[in-house]
Amino acid sequence: MKLIFCGTAASRKSAQRGHYYAGPGNRFWPLLAETGLTPRLFAPDEDHLMPSLGLGLTDLAKGVFGMDRDIPAAAYAPARLAAVITALAPETLAFTSLTAAKIALGHRCRAGRTQSPLFPDLAIWVLPSPSGAARATFSAAPWQDLARHVRRAR
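Read on for an overview of the structure. (Residues numbered from 1 in each chain as written. Predicted model: local features only at pLDDT ≥ 70, side-chain atom pairs only at ≥ 80, totals over all residues. Heavy atoms only, no water.)

## Some points on the sheet that holds strand 5 (residues 123–126)
Rules: Two strands pair under a simple rule: DSSP has to find at least two bridges between them. Comment: elements are numbered from the N terminus, with helices defined as DSSP H or I runs of at least four residues and strands as E runs of at least two. The axes used here are C-alpha line fits, helices contributing only the stretch in contact, and every angle between their N-to-C directions lies in the interval 0 to 180 degrees. By the convention used here, residues are in contact when the closest approach between their heavy atoms is within 4.5 Å.
If you trace the five strands from one edge of the open sheet to the other, you get 2-1-3-5-4, paired in mixed fashion. Strands at the two margins of the open sheet, each flanked by one partner only, are strand 2 (55–59) and strand 4 (112–114). Strand-to-strand twist of the sheet, defined as the mean angle between neighbouring strand axes without regard to direction, takes the value 25°. With four bridges joining them, strand 3 (residues 92–95) and strand 5 adopt parallel strand pairing. When the bridges of strand 5 are listed, Ala-94 appears paired with Trp-125. The strands that helix 4 (residues 98–105) touches are strand 1 (3–7), strand 3, strand 4 and strand 5; relative to strand 3, the one it contacts most, it runs at about 120°.

As structure tokens, this is what we get:
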């Protein structure tokens, strides 16, 4: 596994459709194509194809959905993420929001590359949320930096 993306929880639309980043305003799938992390634009219902590209998708909270502010703190399971990282041994972990990184790593992080004693041998990226709800503060630059990192690691 090259890269695992980790979000907070499924949006309402993603939960309804049963696929990651399925909201109509979410830029996740276009960003993967635009940055070259995928060879083409994939649709949310093609998320099952990501492992064949060395990409994994997960969330910190499973079985719940909605805006981050609506997810109960007890629903987040950073220990489950640690188990996934141990089992799959990815080269890189990318949080798809600053909130996901804060919950998983236990402290606030700025967008870009970071380190954590929780995952000492892992390249970690904190990305601005691609959600349409976060459009006002979005920057593609950290996503582009992540893509350059992944290309260099190949």
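## Here we look at the nonpolar core
General note: in soluble globular proteins, nonpolar side chains tend to be found buried as a group. Note the cut-off: Within this scheme, the nonpolar core is defined by two criteria: the residues are buried Ala, Val, Leu, Ile, Met, Phe, Trp, Tyr or Cys, and they are joined through side-chain atoms within 4.5 Å. Accessible area is worked out with a 1.4 Å probe on protein chains only. A residue is then buried under 20% of its type maximum, exposed over 50%, and partly exposed in between.
Leu-60, Leu-81, Ile-85, Leu-93, Phe-95, Leu-105 and Phe-119 are the most contacted members of the largest nonpolar core, which totals 22 residues. Of the residues forming this core, the biggest block, four residues, is contributed by helix 4. With sequence-adjacent residues up to four places away left out, Phe-95 is seen in contact with Cys-6, Leu-81, Ala-100, Ala-101, Ala-104, Leu-105, Ile-124, Trp-125, Val-126 and Leu-127. Phe-28, Leu-32, Leu-146 and Ala-147 belong to the second largest nonpolar core, which has 21 residues in total.

## Quick word on the environment of Trp-143
Looking at the element boundaries, Trp-143 is found in helix 5 (residues 141–153). In this structure Trp-143 comes out as buried when scored by relative accessible area, which is 0%. C-alpha of Trp-143 to C-alpha of Gly-112: the two residues are 31 residues apart in sequence and 8.2 Å apart in space. If we ignore the near neighbours within four places in the chain, the residues touching Trp-143 are Phe-5, Phe-28, Leu-31, Leu-32, Thr-35, Thr-96, Leu-127, Pro-128, Pro-130 and Phe-138.

Read these as spatial facts, not as claims about activity.
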